[in-house]
Amino acid sequence: MARWGPDMKGVPCNDDDDDWETEADFENDITEKDQRWGSKTVADSLTGDRTVNVNEVRKNVFETHEKTKKEEYLKGPRAAEGYGGKFGVHKERMDKSAVSWDHREELVEHSSVTDASKGFGGKYGVLADRRDRSAVGFDHMTELSKHGSQTDAARGFGGKFGVQKDRVDKSAVGFDHQSELSKHESQTDAAKGFGGKYGVQKDRVDKSAVGFDHRSELSKHESQTDAAKGFGGKYGVQKDRVDKSAVGFDHRSELSKHESQTDAAKGFGGKYGVQKDRVDKSAVGFEHHAKLSQHSSQTDAAKGFGGKFGVQNDRKDKVAVGYEYQANLSQHGSQTDGVKGFGGKFGVQSDRVDK
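Residues numbered from 1 in each chain as written. Predicted model: local features only at pLDDT ≥ 70, side-chain atom pairs only at ≥ 80, totals over all residues. Heavy atoms only, no water.

### Observations concerning the overall build of the chain
Secondary structure assignment for the chain yields nine helices and two strands. Counting from the amino terminus, the chain carries its helices and strands in the arrangement β-β-α-α-α-α-α-α-α-α-α. For the chain, contacts bridging at least 24 residues in sequence account for 7% of all contacts bridging at least 6. For the chain, the exposed surface amounts to about 35600 Å²; the carbon and sulfur share of it is 53%. (Helix = DSSP H or I, 4+ residues; strand = E, 2+ residues; numbered from the N terminus. Contact = heavy atoms within 4.5 Å. Areas by Shrake-Rupley, 256 points an atom, 1.4 Å probe, with all protein chains shown as cover.)

Here you go:
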């Protein structure tokens, strides 16, 4: 980096890391007037001619700018090279299958284009050897075979003799056909049938049917014929038909007493208290004291934990050891032989190094 003064000479400055830190031995020996005109770090800024020529400054800046741009141009890539440069894409790097916008491909013409007598729309139309066998032109007229009724006017529906008799439906009749319907017997004999001379025929009358003038005689209930019978009769309800479980409002039922009411010696709270044969076998009174069996360590002081001999050996855990147990640990190979193992006489063992 360069600093520019009135003489436009570049003076290198100190670019070490502590430019902005305060020096311990710094002494400000510049007056306030000198601080307005220059700096101790810029040569001849405090002494000599302090007049600045602006035109000279502008000229020097322009020359320096042109020089810097030229150096950047010479060091940078050439604008004439590469895609979009002066000469376009490098020829030796161009894709062999790539063509430019001004490329015009020569297309091979179809045989119908080179020879006007071939192909669809050619001199002779479609090639006969490639034409569909079932295809016909617009000028083709198909000869349709005629129906029998068209070749012979005497045949068929609407022919000379009308419909052929051998093909007429046996159940079909013409519009001029008059069907003779058989009459009902009531039409042939006025004495028969509903509305005939004698009315309805008696042998066909419904047995349960009666006329409007019929009056039915209803049979009376036995309570209507005999005042002594039936509910509300002379003697009230008939005894033989009374419900066995039915009683009157004046009935008083005699309840049977419990055996503890008839015999004071029985039942809970009776003379003898609870009956012995009905007491729960597992029930005991408040005065009952159970006799607990003692543990083997209570009957024999030599047995059990804390006994004469301590814990019983036959019940001891096989993997359990006491606090005084000292385990003998086997030493590693590097501890028994100073030549082996990492840090040994010969360093790492060669046969165990990772390949």
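### Brief notes about the confidence of the model for the chain
Averaged over every residue, the pLDDT of the chain is 76; residues scoring 70 or more account for 73%. Within the chain, the element-level pLDDT minimum falls on strand β1 (residues 2–3), averaging 46, and the maximum on helix α2 (residues 54–75), averaging 92. (pLDDT = per-residue confidence, 0-100.)

### Overview of the pattern of salt bridges
Applying the stated criterion across every chain yields a total of one salt bridge. As a salt-bridge pair, E72 and K69 come within 3.9 Å of each other at their nearest N and O atoms. With a gap of three residues between them, E72 and K69 both fall in helix α2, about one helical turn apart. (Salt bridge = Lys/Arg side-chain N within 4 Å of Asp/Glu carboxyl O.)

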